[in-house]
Every structure is written in structure tokens, then in C-alpha cells.
Amino acid sequence: MNEIVLKNGKGVEVHLIRRGAIITRLLLPDPNTGAHVDVVLGFDEEQPYKDGTSPYMGALVGRVANRIANASFALDGESYQLAANNGPNCLHGGKVGFDKVEWEAQREDSARGQAVHFAYTSTDGEEGFPGNVQVTVTYTLTEDNELTVEMSATTDKATPVNLAQHSYFNLAGHSSGTILGHELTIHGGDHYTPVDDVAIPTGEVAPVRGTPFDFTSPRTVGERIEDVPGPAPGGYDHNYVLFGLGPDAKNKCLPSGQASETPKLAATLVDPASGRGMHVLTTAPGVQFYSGNFLDGSLRGKGRAAYPKHAGLCLETQGFPNAINTPSFPTVVLRPGEEYRHTVVYQFFNQ
């Protein structure tokens, strides 16, 4: 693979490829030994990312991240039919979403740190979506051990746009086993969006208190995972309403559907064994917490590592799933003359 490598003076490295604007490796130095530990799941070759073998590992997903019910929506009096690639639903943009296409790439190192700017034009009708959409994503690695991901888009026709970064994290190392012992906090995540049996939100915004979904204070991922309701394979795959926005999230968000102009602390993940931690900051109103439920050991990742169930977890900051069909959710509609902007920051630290 022809990887683009971002480095800082602290020994952190981020490896990316043009396919899907994918993060293939994220290397953190061990403070005791200085050895690098790769904390994201992925592959040594490009083919699994291209042919769909990879379950969106490290990718920038779109045009609409997460699920659209019945692979269809109506907008401004027109109906649109999409590819049903996840049961009856459209997932992460369809059969050939932004994760599988080639992006243009240009180095943009600055005083902030080493950076790469990716750009892609999604044409009118691509995967069934309306409008020509110009999409960019810039990854910047700072000397403060922050990886900033700045996403933007414009369109010439009204369309839903909801981009997300889909890395699978395991702070003990990508090949170390499971993330069930990781401690997770979702800040202000006192509500979530319950789902039906095909993982579509019911429209309800429900409190997490007294349920296995409560991560308002640090809890291990595995502590209550067997109690999470839903069909096999079980586990977490749910959208959390961030920042205390709660049931009134739509009215509390900006007109763009984002929660804020600047990123705010959304989640903290810690591996107690190694002491490695990560803060996730975002401008988005939601985060999909996915605990790697569909991994089953059959995928062979980097260094031929087998990825068992729960080998990694995703914290995908986003607009709410199926928002295009749920008027009570914050908007994901982008119109001509507007600019979609979504920023997520991963801050790495050692306890």
C-alpha cells in the first residue's frame, strides 16, 4: 500500500491511504519502553478495503453514515431509492460508499502539525443520492498528540450528508484481544436512540439511567454487555445523544444540525492495563458506540492477526441514524449555498 505518514516529535504516527481516506495504522509510543503500539484494527493490503472484506475499518464513511431505513427517503417532494446493503437498509452510503472510492490527496503540513488533505467529488445520482457533492477531509497530527479530522462538503442540490470516521480502536494494541476491559465514558450522553430489530432508531430519545447504556461515568465495556437488548450478535451498536442535548436535541443544535462550532469533549476511552487513553471531541450531536459485535475471528488483519468478537470498538461521531426520515432528529440536509462542517479530535494520553 502507498501510505501517507503523519508524524510528530512525540513518536506518534498516523498512516493513511487514498482509498476511503482510511487510517490504516495509528502508532503510539509506549512511555516505558518507547516501542510503538498500533491501536487501530486494519489490513496490510489495500484489497480488503476495496472489495468490502473490511467492515469500514479506519474509513471516512458517507455520503450518509449509519443507516437509512428501507434504503429510501423523500426530500423536497422527490423520492429517492438507495442500495439496500444492510438487510432492508442503506448503510454508510451504499454499496460503493466514500470508504471504497479513491480520494485525491495532498500534503498540507503547517504550524499546527503534519497534515494531509483529501478531496472527492460525489456525482449527482451516485448510490442514488441527489446532487453533485464536493467533499473534503483533512487529518492533522499535532505536537499535543491530537489527531484532528476536519470534514466538509458542499452541494448543488439538496441532499443528506452525514460523514463519520469509522476507526476501530483497541488501546492495548490491535492484536491484543478484546476491548471488553476498556473503560468508557460518554460525556453528557444521558440519552440514546433505541432501535428496532434491524437497528433503525424508533424515533424515541430515551434516558440511559438504570440501563446497560449508561456510560455517563466510567464503566468497562464488558461489564453489562450481555444485558444489552437486541438480536444476535448482541452488544452495543447505538447512537448516543451528546452534551446533554437530550430529547430536545433538534432545537438545541445549530441550524446546520451540528451541536457546536468548535469540538467539545464527547467520550473518554482508557485501557487500564496499559494506561493508554483517548479523549474524543466533536462538533456533532451524536456518537455511534459500536463494540465490534460482528467480528468473529475470521478476518485476518495486520500481521495476520485474527480479530475476534469485540477486538475493537468504534466511536463514530455523527448526525443521528435515519435522521433524513425522522423529522424530530437534528437535520442532516445540506442545501446549495451551505457548507457541511464536522470536526472530530482524538487526544491521546497516558495515565
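Above: the structure in question.
About the cut-offs
Residues numbered from 1 in each chain as written. Predicted model: local features only at pLDDT ≥ 70, side-chain atom pairs only at ≥ 80, totals over all residues. Heavy atoms only, no water. Helix = DSSP H or I, 4+ residues; strand = E, 2+ residues; numbered from the N terminus. Contact = heavy atoms within 4.5 Å. Buried < 20%, exposed > 50% of the residue type's maximum accessible area, 1.4 Å probe, protein only. Salt bridge = Lys/Arg side-chain N within 4 Å of Asp/Glu carboxyl O. Pairing = 2+ DSSP bridges. Phe/Tyr/Trp six-rings, centres within 6.5 Å; stacked < 30°, edge-to-face > 60°. Lys NZ or Arg CZ within 6 Å of the ring centre and 35° of its normal. Core = buried A, V, L, I, M, F, W, Y, C linked by side-chain atoms within 4.5 Å.

With respect to the side chain of threonine 138
Then comes step 1: If you trace the backbone, threonine 138 turns up in strand β12 (residues 133–142).
Then comes step 2: Residues within four places of threonine 138 in sequence aside, it is in contact with Ala115, Val116, His117, Thr148, Val149 and Glu150.

A word on the environment of alanine 59
Then comes step 1: The topology assignment puts alanine 59 in the loop between α1 (47–51) and β5 (60–61).
Then comes step 2: Its relative accessible area of 1% is what places alanine 59 among the buried residues.
Then comes step 3: Taking the C-alpha atoms as reference points, alanine 59 and threonine 178, 119 residues apart in sequence, are found 21 Å from one another.
Then comes step 4: Setting aside anything within four residues of it in sequence, one finds alanine 59 in contact with Gly20, Ile22, Asp99, Ala164, Gln165 and His166.

A look at the pattern of salt bridges
Then comes step 1: All chains considered together, the criterion is met by 17 salt bridges.
Then comes step 2: A salt bridge links glutamate 46 to arginine 19; the shortest N-O distance between them is 3.0 Å. Taken as a pair, glutamate 46 in the loop between β4 (36–38) and α1 and arginine 19 in the loop between β2 (13–17) and β3 (22–29) lie far apart in primary sequence, 27 residues in all.
Then comes step 3: Its relative accessible area of 25% is what places glutamate 46 among the partly exposed residues.
Then comes step 4: According to the relative accessible area criterion, arginine 19 is buried, its value standing at 10%.

Concerning the sheet that holds strand β24 (residues 314–318)
Then comes step 1: Sheet architecture is open: five strands sit in the order β18-β17-β20-β23-β24, paired in antiparallel fashion. The open sheet terminates on both sides in strands that have one partner only, identified here as β18 (206–207) and β24.
Then comes step 2: Bridging between strand β23 (residues 286–290) and β24 involves five bridges; their strand directions are antiparallel. Looking at the pairing, valine 287 lines up with threonine 317 of β24.

Describing the packing of aromatic side chains
Then comes step 1: Inspection of the entire model under this criterion finds 16 aromatic pairs.
Then comes step 2: Seen from their ring centres, phenylalanine 118 and tyrosine 139 are 5.8 Å apart, and the 90° between their planes marks the pair as edge-to-face. Here phenylalanine 118, found in strand β11 (residues 113–122), pairs with tyrosine 139, found in strand β12; they are 21 residues apart in sequence, far enough to count as distant.
Then comes step 3: We classify phenylalanine 118 as buried; its relative accessible area is 0%.
Then comes step 4: With centroids separated by 6.0 Å and ring planes inclined at 80°, the aromatic side chains of phenylalanine 213 and tyrosine 236 adopt a geometry described as edge-to-face. A residue pair is termed long-range when its members are at least 10 positions apart, and phenylalanine 213 in the loop between β18 and β19 (219–220) and tyrosine 236 in the loop between β19 and β20 (237–241) qualify at 23 residues.
Then comes step 5: Judged by its relative accessible area of 0%, tyrosine 236 is buried.
Then comes step 6: Taken together, the ring pairs in this structure connect Tyr192, Phe213, Phe215, Tyr236, Tyr240 and Phe289 into an aromatic cluster.
Then comes step 7: Here the basic side chain of arginine 224 rests over the ring of phenylalanine 215, its NZ or CZ set 4.9 Å away from the ring centre.

Comments concerning the nonpolar core
Then comes step 1: Core analysis: the biggest nonpolar cluster contains 83 residues, and Leu26, Trp103, Tyr139 and Tyr240 have the highest contact counts within it.
Then comes step 2: Broken down by element, the residue count for this core peaks at five residues, all from β12.
Then comes step 3: Other than its neighbours up to four places away in sequence, tyrosine 240 contacts Ile186, Gly189, His191, Tyr192, Val208, Phe213, Phe215, Pro285, Gly286, Val287 and Phe289.
Then comes step 4: One finds Ile22, Leu295, Ala305 and Ala311 within the second-largest nonpolar core, a separate group that totals 20 residues.

Brief notes about the sheet that holds strand β21 (residues 264–271)
Then comes step 1: Spatially, the nine strands line up as an open sheet ordered β10-β11-β12-β13-β26-β22-β21-β16-β19, and their pairing is antiparallel. One side of each edge strand has no neighbouring strand; the edge strands of this open sheet are β10 (104–107) and β19.
Then comes step 2: As judged from the nine bridges shared by β12 and strand β13 (residues 146–155), these two strands associate in the antiparallel manner. The partner of glutamine 134 across the bridge, within β13, is threonine 154.

Here's the deal with the pairing of β3
Then comes step 1: When you tally the buried positions in β3, you get seven out of eight residues, the bulk of the element.
Then comes step 2: Inspection of the sheet shows β2 paired to β3 by five bridges, in the antiparallel sense. When the bridges of β3 are listed, isoleucine 17 appears paired with isoleucine 22.
Then comes step 3: Taking the residues that link successive antiparallel strands as the turn, the β2-β3 hairpin has four residues, and the phi of glycine 20 there is positive, at about 70°.
Then comes step 4: When β3 meets β4, the two strands line up antiparallel, connected through three bridges.

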